[in-house]
Amino acid sequence: MVEDKDLNLLKVEKVYEPKEECKKTAHFQDYETLYKSSLQNREAFWDKIAKELCWFKPWEKVLEWNYPYAKWFVGGKTNICYNCLDRNLERGLRNKVAIIYVNEDEEEKKLTYGELNELVGRFASALKSLGIKKGDRVVLYMPNTPEAAIAMLACARIGAIHSVVFAGFSTEALRMRIEDAKPKAVITATYTKRRGKKIDLLSTAREAIKGLDYVEHLIVWDRDKNQTLREGEKEFYNLIKENKEISPAEEMDAEDPLFILYTSGTTGKPKGVLHTTGGYMVGTYITTKWDFNLQDDDIYWCTADVGWITGHSYIVYGPLLNGATTLMYEGAPNYPDPGIWWRIVEKYRVNIFYTAPTAIRLFMRYGEEYPKKYDLSSLRVLGSVGEPINPEAWEWYYRVIGGQKCPIVDTWWQTETGMHLILTWPHMKAKPGYAGKPFFTVEVDVVDKNGNPVPPNHVGYLVIKNPWPAMLRTVWGNPERYEKYWNIIPGYYCPEDLASKDEEGYIMILGRADDVLNVAGHRIGTAEVESALVAHPDVAEAAVIGKPDEIKGQRIKAFVVLRVGVQPSQELTESIKQTVRKTLGPIAVPDEIEYVEKLPKTRSGKIMRRLLRAKELGLQVGDLSTLED
Ligand code: PRX
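What counts and how
Residues numbered from 1 in each chain as written. Predicted model: local features only at pLDDT ≥ 70, side-chain atom pairs only at ≥ 80, totals over all residues. Heavy atoms only, no water. Helix = DSSP H or I, 4+ residues; strand = E, 2+ residues; numbered from the N terminus. Rg over C-alpha atoms; globule rule 2.2 N^0.38 Å. Contact = heavy atoms within 4.5 Å. Buried < 20%, exposed > 50% of the residue type's maximum accessible area, 1.4 Å probe, protein only. Near = heavy atom within 4 Å. Polar contact = N/O pair within 3.5 Å; in protein donor to acceptor, adjacent residues only side chain to side chain. Areas by Shrake-Rupley, 256 points an atom, 1.4 Å probe, with all protein chains shown as cover. Axes fitted to C-alpha atoms, helices over the stretch in contact; angles between N-to-C directions. Parallel < 35°, antiparallel > 145°, perpendicular 65-115°, else oblique. Nonpolar A, V, L, I, M, F, W, Y, C, P; charged D, E, K, R; others polar. Left-handed = near helix turned anticlockwise from the far one by under 90°. Salt bridge = Lys/Arg side-chain N within 4 Å of Asp/Glu carboxyl O. Core = buried A, V, L, I, M, F, W, Y, C linked by side-chain atoms within 4.5 Å. Disulfide = S-S within 2.5 Å. Pairing = 2+ DSSP bridges. Expected span 1.5 Å × (residues − 1).

### A word on the overall build of the chain
Secondary structure assignment for the chain yields 21 helices and 32 strands. For 629 residues, the compact-globule estimate of 2.2 N^0.38 gives 25 Å, and the chain sits close to it at 24 Å. Referenced to the eigenvectors of the C-alpha coordinate spread, the extents of the chain come out at roughly 70 × 60 × 55 Å. Within the chain, contacts between residues separated by at least 24 positions form 71% of all contacts whose residues are at least 6 apart in sequence.

### Looking at the side chain of Ser-170
Looking at the secondary structure, you find Ser-170 in the loop between strand E7 (161–164) and helix H9 (171–181). Note on Ser-170: relative accessible area 9%, which makes it buried. Among all residues touching Ser-170, those that are not within four sequence positions of it are Thr-204, Arg-581, Lys-582, Thr-583, Leu-584 and Gly-585.

### Notes on the site of the ligand
Taken together, 17 residues surround the ligand, and among them Thr-411, Thr-415, Asp-497, Arg-512 and Arg-523 come closest. At 2.9 Å from a nitrogen atom of the ligand is found a side-chain nitrogen or oxygen belonging to Asp-410. Between the ligand and Gln-414 there is a distance of 3.0 Å, counted from an oxygen atom to a side-chain nitrogen or oxygen. Protein coverage of the free-state accessible area of the ligand, which is 540 Å², stands at 95%. Of all elements in the fold, only helix H13 (309–321), strand E20 (408–412) and strand E27 (507–512) reach the threshold of two or more residues within the shell around the ligand.

### Thoughts on the packing of helix H4 (residues 42–50) against helix H12 (residues 277–291)
Packed helices, taken two at a time, are described by the angle their axes make and the gap between the axes. Packing of H4 against H12 brings their axes to within 10 Å, and their N-to-C directions diverge by 85 degrees. As judged from the angle between their axes, H4 and H12 are roughly perpendicular. Contacts between H4 and H12 pair Phe-45, Trp-46, Ile-49 and Ala-50 from the former with Val-282, Tyr-285, Ile-286 and Trp-290 from the latter. Per-class residue counts for the contact of H4 with H12 are eight nonpolar, no polar and no charged.

### Description of the packing of helix H8 (residues 146–158) against H13
Viewed as axis vectors pointing N to C, H8 and H13 meet at an angle of 60 degrees, and their least axial separation amounts to 11 Å. Comparing the axis directions of H8 and H13 gives the class oblique. For the element pair H8 and H13, the recorded crossing hand is right-handed. Side by side, H8 and H13 meet where Ala-149, Met-152, Leu-153 and Ala-156 of the first sit next to His-312, Val-316, Tyr-317 and Leu-320 of the second.

### Things to note about the pattern of salt bridges
Overall, the coordinates contain 50 salt bridges when judged by the stated rule. Here Glu-504 and Lys-429 are joined by a salt bridge, their closest N and O atoms 2.9 Å apart. With Glu-504 in the loop between strand E26 (497–501) and E27 and Lys-429 in the loop between strand E21 (422–423) and strand E22 (437–438), the pair connects residues that are 75 residues apart, well separated along the chain. The exposure class assigned to Lys-429 is partly exposed, which follows from its relative accessible area of 22%. For Asp-549, the salt bridge is made with Arg-555, and the minimal N-O distance between the two is 3.0 Å.

### What about the nonpolar core?
Soluble globular proteins tend to bury their nonpolar side chains together. Of all hydrophobic cores here, the largest spans 147 residues; its most connected members are Trp-46, Phe-123, Tyr-317 and Phe-439. Counting residues per element, this core draws most heavily on H8, which supplies 10 residues. With residues up to four places along the chain from it excluded, the contact list for Trp-46 reads Val-62, Trp-72, Phe-73, Val-282, Ile-286, Met-419, Phe-439, Phe-440, Thr-441 and Pro-469.

### Observations regarding unusual backbone geometry
Peptide bonds are mostly trans, and most non-glycine residues show a negative phi. In this structure, the amide linkage connecting Tyr-67 to the following residue, Pro-68, adopts the cis form with an omega of 0 degrees. Note on placement: Pro-68 falls in the loop between strand E1 (61–66) and strand E2 (69–74). Residue Pro-336 is bonded to the preceding Tyr-335 through a cis peptide linkage, with omega at 0 degrees. Despite not being glycine, Asn-293 has its phi angle at roughly 50 degrees, a positive value. The exposure class of Asn-293 is buried, given its relative accessible area of 1%. A positive phi angle is found at Arg-349, which is not glycine, with a value near 50 degrees. One can find Arg-349 in the loop between helix H14 (340–348) and strand E18 (352–355). In this structure Arg-349 comes out as partly exposed when scored by relative accessible area, which is 35%.

### Thoughts on the state of the cysteines
Scanning the entire structure with this criterion turns up zero disulfides. In this model Cys-54 remains outside any disulfide bridge; the closest cysteine sulfur is found in Cys-84, 12 Å from its own. Using a relative accessible area of 21% as the deciding quantity, one classes Cys-54 as partly exposed.

### Concerning the environment of Val-316
Note on placement: Val-316 falls in helix H13. Separated by 242 residues in the primary sequence, Val-316 and Val-74 place their C-alpha atoms 25 Å from one another. In this structure Val-316 touches Ala-149, Met-152, Leu-153, Val-306 and Gly-311, once residues within four positions along its chain are discounted.

### Some words on the sheet that holds strand E11 (residues 217–221)
Read from one edge to the other, the open sheet built from eight strands follows the order E12-E11-E8-E6-E7-E14-E15-E25, with strand pairing classed as mixed. What marks the edges here is a single partner per strand, and that holds for strand E12 (233–235) and strand E25 (474–475). Of the pairings in the sheet, the one linking strand E14 (residues 257–263) to strand E15 (residues 271–276) comprises six bridges and is antiparallel in character. Among the inter-strand pairings, Thr-263 is bridged to a residue of E15, identified as Lys-271.

### Some remarks on the pairing of strand E9 (residues 191–194)
Examined bridge by bridge, E9 and strand E10 (residues 197–200) share four bridges and lie antiparallel to one another. Across the sheet, the residue bridging to Arg-194 is Lys-197, located in E10. The antiparallel hairpin formed by E9 and E10 contains two residues in its connecting segment, where Arg-195 sits at a positive phi of about 50 degrees.

### With respect to H12
Given a rise of 1.5 Å per residue, 15 residues ought to cover 21 Å, and the 21 Å separating the end C-alpha atoms of H12 matches this to within 8%. Taken across its 15 residues, H12 has 15 buried, putting it largely inside the fold.

### Notes on H4
Within H4, burial applies to Phe-45, Trp-46, Asp-47, Ile-49 and Ala-50. On the buried face of H4, the contacting elements are helix H3 (31–40), E1, E2 and H12.

### Describing the side chain of Thr-78
For Thr-78, the location among the structural elements is in strand E3 (residues 77–78). Here Cys-54 takes part through its backbone oxygen, which lies 2.8 Å from a polar atom of the side chain of Thr-78. If near-sequence neighbours (up to four positions away) are discounted, Thr-78 is found in contact with Cys-54, Trp-55, Phe-56, Asn-83, Glu-250, Glu-251, Met-252, Thr-277 and Met-281.

### Concerning the sheet that holds strand E16 (residues 299–302)
With respect to topology, nine strands assemble into an open sheet ordered E5-E4-E17-E16-E18-E19-E20-E21-E22, the strand pairing being mixed. At either margin of the open sheet sits one strand with a lone partner, and together these are strand E5 (108–112) and E22. Inspection of the sheet shows E16 paired to E18 by three bridges, in the parallel sense. Its bridge partner lying in E18, Trp-301 is registered against Phe-353.

What follows is the structure, encoded as structure tokens:
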């Protein structure tokens, strides 16, 4: 746990007042006034917002709250795909560009709302023709391309529950997620392209579904049209060609499941976070619009991947619900050179740019000359997500990318929250180092283990005190795990982040309170990496900690106890890393492996990672009374 005294190191005095232009493009005026009134009548606030979207049948009640279970827009019927497409066609946006796709080679593809509607509607018909129905699961293992969005939207259109697995995950990680969700179909592509290389997805998907009878179909987007598909496999665009009918949007109950997305926790097994239709739709719609001051003709670019929640909420659903033009990029941020992203901003005149601090720190290392080569004057709002943005990165982002005219919208949220919950709006005073203030109707606090508020500028647990529309509804197949979120600190939702709050109510996020790492904005469970390490035949035991890293925020260090008789060597280290790469994927590979004789444990046998970390980083060791030896 971060000690109070460490806070002084983080405390930032600098404050940036909002610019007049930001106030002009804002969708609400004074935060404090609206926030106060939203607390007085939470349901009225959400009722009004939800009415901006299309419902086949109105709700009878905005919220039904049976702690810790919430139902939003009770009795309401809608369809999120209908709201992303049909509603926008009805509003006259048929010829507006919905998605701009760009890759590392700067090849582009643009789809208008009309074209996207056609592709999604036909692909939805194709899914139905394969026997996929409302409530069936469909796993997507796709590159960050419009085809992923088409598949997601088609599932939502017919009421199938999608579960997107990040294309960087390995066969075993994919299989684990497939086994948990038991999908009727898996949708993949032949490859994804990164750093000039084609990364094979098809072989991984084929391997991952081997012997799983419930997976009836493997749908493959054959990107180079050169694959011989096997029995039971169908080609993505052939399906679209063969199915000419645009499938009507299924009437979904507000509480019908929309998607499952797996995320890391403290155990070795990832959690399938379940989001439902109505609340998620309303939450992502309004946060995309308000939090970025979104305007009708904006070009909006979120650099995340559809494999993560940021891609779901803020590449696909949020922007499309608003009829915006969303840019999707496939590739690395620094390939073929560190200017690629800024060339894209210049070429497409991007107005809103949303990325992660780890990317900013990477660009800082390359220096100002890359962004300086390009005209970034179209940028109006800059966003940050995934980890705390350190003040140095904040200042650089503000000065070099934003030319000191763009506000930086830091957004704190999680896979579980579905939507932004704490942020600094464009027309609000910014304090670099602080994420900002809570979204309307949401009350947050920083408390001790017993739920008592800690004084201002002290460290404690962040808690959310009341339900919000896009909150997770359960953990797929594990309702007890869902209840745990609300039981850690009884009465509140506990995201397991450490935080502190200043006198003005600005929240600073200090990192995770549990054994979860944040490596380059990716959430990785120490237990997942440890079980991947012990999968190596020479490894007897392993413990993993996060070490501060200048670019990635944290990097992984593993302490490994070898089996009796095995000697450490460079080759062994490589082979252990290879095992983790194969079991989880490249993002989880430890940067450092240290061989030790034994690991510090409590008397009940739990590894004391805290002790390893303290020793590694030269911190105070703290209470050792439970140490076994
Ligand atoms: O620790 C917080 C950190 O990322 C965690 C959530 O990870 P994930 O579910 O993968 O979602 C990432 C994208 C929303 C949080 O518990 N985190 C996310 N955003 C921020 C953050 N930490 C500090 N500041 C943020 N803006």
